[in-house]
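The primary structure of each chain is shown beneath.
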Amino acid sequence: MMLGSDVSGLATDPATAAAQGLSIVVPVYNEAAGLTHFHERLGVLAQTLKQRHGLACEVVYVDDGSADGTLAIARALPATSSLDVQVVSLSRNFGKEAALMAGLDHASRGAVMFMDGDGQHPPELVEQLVRHWIVEGYDVVYTAKAHRDNESFLRRQAVRGFYALINWGARQKIPEDAGDFRLLSPRAAAALRLLPERNRFFKGLATWIGFRQLRVDYEPAARAHGVTSFNPRQLIGLSIEGLTSFSVAPLRFASMFGLLLALGAFLFGLNILWETWMEGKSVPGYPSLMVGLMTIGGVQLLMIGIMGEYIGKILSELKARPIYFVAEHSVKRSTTDAAVSVGDRTAAE
Ligand code: UDP
Ligand code: MG
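(A) Representation of the sheet that holds strand 7 (residues 213-218). One open sheet accounts for eight strands, arranged 7-5-6-4-1-2-3-8; its pairing is mixed. Here the strands that pair on one side only, and so sit at the sheet edges, are strand 7 and strand 8 (326-332). Averaged over all adjacent pairs, the angle separating strand axes in this sheet is 20°, with direction ignored. Where strand 2 (residues 57-63) and strand 3 (residues 83-90) come together, seven bridges link them in parallel fashion. Looking at the pairing, Val60 lines up with Gln86 of strand 3.

(B) Looking closely at unusual backbone geometry. Positive phi outside glycine occurs at Asp177, with the angle close to 70°. Tracing the backbone shows Asp177 in the loop between helix 6 (153-166) and strand 6 (178-184). Judged by relative accessible area, which is 16%, Asp177 ranks as buried. A positive phi is found at Phe211, a non-glycine position, where the angle reads about 65°. Within the secondary structure, Phe211 is located in the loop between helix 8 (202-208) and strand 7. Judged by relative accessible area, which is 32%, Phe211 ranks as partly exposed.

(C) Highlighting helix 10 (residues 249-278). Its 30 residues place the ends of helix 10 43 Å apart at the C-alpha level, agreeing with the 44 Å of an ideal helix rising 1.5 Å per residue. Along helix 10, the residues classified as buried are Ala249, Pro250 and Ala254. At its buried positions, helix 10 is contacted by helix 6, helix 9 (232-246) and helix 11 (286-319). One or two positions beyond helix 10, positive phi appears at Gly280, with a value near 65°.

(D) Examining the coordination of the magnesium ion (ligand 2) more closely. Within the protein, Asp118 (OD) and Gln120 (OE1) serve as the donor atoms for the magnesium ion (ligand 2), at 1.9 to 2.0 Å. Look at Asp118 and you get buried, because its relative accessible area is 4%. Of the residues examined, Gln120 reaches a relative accessible area of 24% and is grouped as partly exposed.

(E) Layout of the packing of helix 10 against helix 11. Axis separation between helix 10 and helix 11 bottoms out at 10 Å; the angle between their running directions is 160°. It follows that helix 10 is roughly antiparallel to helix 11 by the angle criterion. Both helix 10 and helix 11 take part in a crossing whose hand is left-handed. Every residue of helix 11 that contacts helix 10 at Ala249, Pro250, Leu251, Ala254, Phe257 and Leu261 is listed here: Thr295, Val299, Met303, Ile306, Met307 and Tyr310. Within the contact of helix 10 with helix 11, the residues separate by chemical class into eleven nonpolar, one polar and no charged.

Criteria and cut-off values
- Residues numbered from 1 in each chain as written.
- Chains lettered and ligands numbered in written order.
- Predicted model: local features only at pLDDT ≥ 70, side-chain atom pairs only at ≥ 80, totals over all residues.
- Heavy atoms only, no water.
- Pairing = 2+ DSSP bridges.
- Helix = DSSP H or I, 4+ residues; strand = E, 2+ residues; numbered from the N terminus.
- Axes fitted to C-alpha atoms, helices over the stretch in contact; angles between N-to-C directions.
- Buried < 20%, exposed > 50% of the residue type's maximum accessible area, 1.4 Å probe, protein only.
- Expected span 1.5 Å × (residues − 1).
- Contact = heavy atoms within 4.5 Å.
- Donors = N, O, S within 2.8 Å, 3.2 Å for Na, K, Ca; no water.
- Parallel < 35°, antiparallel > 145°, perpendicular 65-115°, else oblique.
- Left-handed = near helix turned anticlockwise from the far one by under 90°.
- Nonpolar A, V, L, I, M, F, W, Y, C, P; charged D, E, K, R; others polar.

Here it is in structure tokens:
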């Protein structure tokens, strides 16, 4: 019995890489205002990729239960001679991580690229990422924010703290500032599909799988329209999600903190005994007693909360619910030979 997974069969050399093509996965949630323009930019990109690398592209739009006209617009987007279009519509808003997973599951080409549909991830940069894969043979080409100058001091510290905690004692460190904008070679995409967990922290998983990884710094563009769908509360939620599904650091931290407190209490106890027996002092220490009680009470509640997070995670993994439901799926292929490959895929499934 093999307990690991062998994806070496999917290793690509420059010649075969281009032939397998590239799927670009774009999660969209209420992006109606900018989607048509985004699609035009992708069309130009696909043309360039075809000319320079002979790479056939498809885009997989995952409509994450948008409340505006995003789905109708996505359905009407045309395929071109160098770009096929898939539209996967989820039954409700499942969140970006689930939408990315749905896109990965429906991607029918070899390599997979993830990018946002709001124009913050410039399509123009994709050509560079593709080159790192096809020409230099990297498996995971991820992008990272070149700097965080436009963010508040508090937020930067919070981000630093988060990565320090999640990477504490980890063998494979998750790079700070890395985003979801990344390219996976066919074997890396296959590896990502093989991971069974339901609580998915995409950035972490894409790092965890290993292979040859490369960091590319870039400056995210301003959002083309609208506002971010992640408010501070949701970001904190995502951080807790990432932490608890990726590292046991908070639990270890809890045990160490408990140990420290216990040690302090022991020393304090020794001190009291010393004072009573040796110095004959017996102080009615009401305030120190209260402070001690409250500290221990608070710390215990905090630790129980941390444990609760992990137990909740176990519960949701145990229930094993599907990560998303696809309500509608449409495929537009431009060439006949590509249409055949869809048939093959269905037959193989
Ligand atoms: N998104 C999604 N589902 C959600 C929230 C966002 O599919 O529940 C998509 C959104 O349409 C965009 C990408 O995820 O393409 C990033 O979202 P956003 O720009 O709001 O986040 P930020 O860039 O601020 O991290
Ligand atoms: Mg954005």
